Amino acid sequence: MRFVIAVMVVMTCLSVSAGAIDFKEGNWQIEMQTEIAGMPMQMPSMTIEQCLSKNEMVPTQQGQDGSECKITEQSIKGNTVRWRVECPDSTGRGSITYKGKSFDGKIELEMRGQTGGMKMTNLMKGTYKGVCQK
């Protein structure tokens, strides 16, 4: 009897951790507020729309030179997705916590090159808008 209960507990835990994230695939409106350490004035917020899916749950970032950033690590625990990112001009890490049709997130980047050592934080809020248009 203990064995049956133990197996049921393990199976329940596995099913909860595998794909139980509270996330809606589709078109998302993402508002980003950028904060740069040591900068006295606040940057204006920016709003973009992006199609997100279970295979691509992290909004894409573009480097200052227009090239895409690459996700180097990604993990999901509960409703939170965490990742590390590598861009031509920066490296960083981020996290998003999904709540069905909304999310809150943060990306912390450290710049390289001429602006080396500069730290930037992007605070994000996302809202599900509907089915992706192709």
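Residues numbered from 1 in each chain as written. Predicted model: local features only at pLDDT ≥ 70, side-chain atom pairs only at ≥ 80, totals over all residues. Heavy atoms only, no water.

A.B. asks: Describe in detail the environment of tyrosine 128, supporting the description with residues and values.
C.D. replies: Secondary-structure assignment places tyrosine 128 in strand β7 (residues 119-130). Once the C-alpha coordinates of tyrosine 128 and cysteine 51 are considered, the two residues, 77 residues apart in sequence, prove to be 9.5 Å apart. Not counting residues up to four positions away in its chain, the partners in contact with tyrosine 128 are Lys24, Glu25, Gly26, Asn27, Trp28 and Lys101. At 3.5 Å, the side chain of tyrosine 128 forms a polar contact with the backbone oxygen of glycine 130. (Helix = DSSP H or I, 4+ residues; strand = E, 2+ residues; numbered from the N terminus. Contact = heavy atoms within 4.5 Å. Polar contact = N/O pair within 3.5 Å; in protein donor to acceptor, adjacent residues only side chain to side chain.)

A.B. asks: So what's going on with the packing of aromatic side chains? Which residues, and what values?
C.D. replies: Counting across every chain of the model gives six aromatic pairs. Their ring planes at 65 degrees and their centres at 5.3 Å tell us that tyrosine 98 and phenylalanine 103 sit as a pair that is edge-to-face. Neither residue differs from the other here; tyrosine 98 and phenylalanine 103 are each classed as buried. An aromatic cluster is defined as three or more aromatic residues linked by ring pairs; in this entry it consists of Phe23, Trp28, Tyr98, Phe103 and Tyr128. (Phe/Tyr/Trp six-rings, centres within 6.5 Å; stacked < 30°, edge-to-face > 60°. Buried < 20%, exposed > 50% of the residue type's maximum accessible area, 1.4 Å probe, protein only.)

A.B. asks: Lay out the state of the cysteines with the relevant residues and their values.
C.D. replies: In a disulfide, the sulfur atoms of two cysteines are held together by a covalent bond. The tally for this structure, following the rule as stated, stands at two disulfides. Through a disulfide, cysteine 51 is tied to cysteine 132; the S-S separation comes to 1.8 Å. One disulfide, between cysteine 51 and cysteine 132, carries an S-S torsion of 100 degrees and so falls in the right-handed class. Note that cysteine 51 is positioned in strand β2 (residues 46-52) and cysteine 132 in the segment after β7, a separation of 81 residues in sequence. The exposure class of cysteine 51 is partly exposed, given its relative accessible area of 40%. The disulfide partner of cysteine 69 is cysteine 87, and the gap between their sulfur atoms is 2.0 Å. For the disulfide bridge between cysteine 69 and cysteine 87, the dihedral angle about the S-S bond is near 110 degrees, and by the sign convention the bridge is right-handed. (Disulfide = S-S within 2.5 Å.)

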